[in-house]
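Residues per chain, in single letters:
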Amino acid sequence: MRYESTRGKAPVLEFGDVLLAGLAEDGGLYVPTEFPRLTPADLRSFAEMSYSDVATRVLAPFVSPSIENDDLGAMIEESYATFQHPEVVPVRPLTSEIGEDRHLVELFWGPTFSFKDVALQLLGRLFEHELSRRDTTVTIVGATSGDTGSAAIEACRDRDGIDLVMLHPRGRVSEVQRRQMTTVASTNIHNVAIEGTFDDCQDLVKAMFADLQFREQHRLAAVNSINWARVAAQTVYYFTTASKLVSPNERISFCVPTGNFGNIFAGYIAAQMGLPVHRLVIASNHNDILTRAHASGIMEIQEVEPSTSPAMDIQVSSNFERLLFDLSGKDASWLRDAMQEFRSNGSLTLEPPVLERLRNFFDAGTATEQEVAKTIAQVHSTQQQFLDPHTAVGVNVARQIDLGNAPVAIMATAHPAKFEAVVKEATGVAPPQPEEITALGDKPERCADLPNDLTSVMEFVLGVSE
Ligand SMILES: *Cc1c(COP(=O)(O)O)cnc(C)c1O
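Residues numbered from 1 in each chain as written. Predicted model: local features only at pLDDT ≥ 70, side-chain atom pairs only at ≥ 80, totals over all residues. Heavy atoms only, no water.

A separate point is the site of the ligand. Taken together, the neighbourhood of the ligand is formed by 14 residues, with Lys-116, Asp-147, Gly-259, Asn-260 and Thr-413 sitting nearest. Taking Asp-147, its side chain carries an N or O atom lying 2.5 Å from an oxygen atom of the ligand. Residue Thr-413 places a side-chain N or O atom 2.8 Å away from a nitrogen atom belonging to the ligand. In isolation the ligand has 380 Å² of accessible area, and contact with the protein removes 97% of it. Given that more than half its atoms are within 2 Å of the pocket grid, the ligand belongs to the largest cavity. A breakdown of the residues in the shell around the ligand according to their chemical character gives five nonpolar, seven polar and two charged. (Near = heavy atom within 4 Å. Polar contact = N/O pair within 3.5 Å; in protein donor to acceptor, adjacent residues only side chain to side chain. Areas by Shrake-Rupley, 256 points an atom, 1.4 Å probe, with all protein chains shown as cover. 1 Å grid on protein atoms, 1.4 Å probe; cavity = no way out; pocket = protein on both sides within 12 Å on 5 of 7 lines; lining within 4 Å. Sits in = over half its atoms within 2 Å of the grid points. Nonpolar A, V, L, I, M, F, W, Y, C, P; charged D, E, K, R; others polar.)

Here we come to unusual backbone geometry. Excluding glycine, residues mostly carry a negative phi; peptide bonds, for their part, are mostly trans. A cis amide bond links Ser-64 to the next residue, Pro-65, at an omega of 5°. When you line up the elements, Pro-65 lands in the loop between α3 (51-63) and α4 (69-81). Non-glycine residue Phe-113 carries a positive phi angle of around 65°. Inspection of the secondary structure puts Phe-113 in the loop between β4 (102-106) and α5 (116-134). In the Ramachandran plot, Phe-261 falls in the positive-phi region, its phi being about 70° despite a non-glycine side chain. In this structure, Phe-261 sits in the loop between β9 (252-257) and α11 (262-272). (Helix = DSSP H or I, 4+ residues; strand = E, 2+ residues; numbered from the N terminus.)

Take helix α16 (residues 369-383) next. The end-to-end C-alpha separation of α16 is 21 Å, in line with the 21 Å expected for 15 residues at 1.5 Å each. Three or more residues of α16 are buried, namely Val-372, Thr-375, Ile-376, Val-379, His-380 and Gln-383. Buried residues of α16, seen end-on, are gathered within an arc of 125° and therefore sit on one face of the element. Among the exposed residues of α16, those pointing more than 90 degrees away from its buried face are Gln-370, Lys-374 and Ser-381. For α16, the secondary structure elements touched by its buried residues are β3 (91-93), α17 (389-400) and α18 (420-427). Two residues or fewer after α16 comes Gln-384, characterised by a positive phi angle close to 50°. (Expected span 1.5 Å × (residues − 1). Buried < 20%, exposed > 50% of the residue type's maximum accessible area, 1.4 Å probe, protein only. Arc of directions from axis to C-beta. Contact = heavy atoms within 4.5 Å.)

Among the secondary structure elements, Val-231 is positioned in helix α10 (residues 228-245). Relative accessible area serves as the criterion here: at 1%, Val-231 is assigned to the buried category. Residue contacts for Val-231: discarding those within four places in its chain leaves Ser-225, Phe-265, Ala-266, Ile-269, Asn-319 and Arg-322.

Read from one edge to the other, the open sheet built from five strands follows the order β8-β5-β6-β7-β15, with strand pairing classed as parallel. Either end of the sheet is taken by a strand with one partner, and the two such strands are β8 (220-221) and β15 (448-450). The sheet contact formed by strand β5 (residues 138-143) and β8 spans two bridges and is parallel. Paired with Thr-139 across the two strands is Leu-220, which belongs to β8. (Pairing = 2+ DSSP bridges.)

So, on to the sheet that holds strand β14 (residues 408-412). Spatially, β3-β4-β14-β9-β10-β13 is the arrangement adopted by the six strands of the open sheet, whose pairing is mixed. Strands at the two margins of the open sheet, each flanked by one partner only, are β3 and β13 (362-366). Averaged over all pairs of adjacent strands, the angle between strand axes in this sheet comes to 25°, irrespective of strand direction. Two strands pair when backbone bridges link them, and β9 and strand β10 (residues 277-284) are joined in this way by five bridges, in the parallel orientation. Residue pairing in the sheet places Phe-254 in a bridge with Leu-280 of β10. (Axes fitted to C-alpha atoms, helices over the stretch in contact; angles between N-to-C directions.)

Counted residue by residue, helix α13 (residues 320-327) has eight buried out of eight residues, so it is predominantly covered. Turning to α13, its buried residues are Phe-320, Glu-321, Arg-322, Leu-323, Leu-324, Phe-325, Asp-326 and Leu-327. Count one or two residues on from α13 and you reach Gly-329, which has phi positive near 75°.

Evaluation of the coordinates by the stated rule reveals four cavities of 30 Å³ or more. Taken as a whole, the largest cavity encloses approximately 310 Å³ of empty space. Looking at the largest cavity, it is lined by 29 residues, and the ones nearest its centre are Phe-115, Lys-116, Gly-259, Asn-260 and Ala-311. Contributing elements (two or more residues each) for the lining of the largest cavity: α6 (147-156), α8 (198-210), α10, β9 and α11. No other element matches the three residues that α11 contributes to the lining of the largest cavity. (Points joined across faces, edges and corners; volume = space filled by probe spheres on them.)

The quantities given are spatial measurements derived from coordinates; they are silent on function.
Dropping the structure here:
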């Protein structure tokens, strides 16, 4: 398997290089030159297999030839042994008041209780493995709107060869999210609160990676959803979910609370690999650039308005570039110009053929704050089940759109206890709290405050990497 950049001007690499590189040298994102195909026999066999065995089968072609199959299998076993549910990613039904044949895919049983753990538990181990093979070290620099940060920290704490600098927008992550990051005492973990939005944090990280000299000198690496290994790891639960809900030749739809487009893009990859997907539904909160682009063909940046689902408070969805590359027929030169235009004008017009292909696969919808609160309250009163606000966006949007008769799997991306205040406000009851979250309240916090300023952040990274 080889990987090429969406902007067409970076070297073609194999998995180990792409893992450590993160962003490509030309500013693009790495994608496989070809998607591996699974056979109907593969899909049939998944119903009888453990999550880890399916993951090993699905991921083997992506990591070859960099990583041996036995090593991959061992890392996958270890990663998913950290999950609290024996099925790793269980699926449960929603009542018919929400619509017929609707299901919740519980992605939040990992160590930090968000779907980010599914990919990052594996990513931390892949990094350590590849670094020791090359006898080198990295400084991972990341931006988080809340959940990536804690999941990355939990995945990288005390791992050999890794320092981790994590930027989050100050005051714009929940208290639990902040404590999950800042209470980790490991000396290789460095938290920074930026005076700005998540997009500001992400721009700072992108700017550091764009400075090739700085990036090489300090051996920067990324664990953002721009890292291909994360997208690949997330394809697995599309397969396991389908194997629980439909027979191998039946279609299924997925509705995905979307921010950086990493989760739902993994669903698109699963479809390219042979999973019979009916529709993929992009579910947004009021920061709905993708819903607007899907409806009008014009992708236009607006101000980010904070919401109760902060992991989705995003206007620039990094992984959307990967989709545009594929939908344009891998036209890297068109994409270079398009991304340039988007950066300078804050707006991009999708050509009719690209828009048509987008609509062939995807639906899109927006849930307002009011709809989110109502959905949380309704699901609680009808089936005594708590939804976190991100998941509620997905449940609400799945109800707005006519998805025909195929079953609909809605991605439940965070444990409700991570967003206790919002859930309690909507239902009048606090959701049950896992003891790991309760214990955070007693631990001291460690975090640096920095302005939204590239030089200050680079100085901080320099201090860590030396
Ligand atoms: C990260 C996150 C999302 C958004 O996922 P993307 O892959 O960035 O689209 C949604 N919900 C929760 C709880 C998250 O942590």
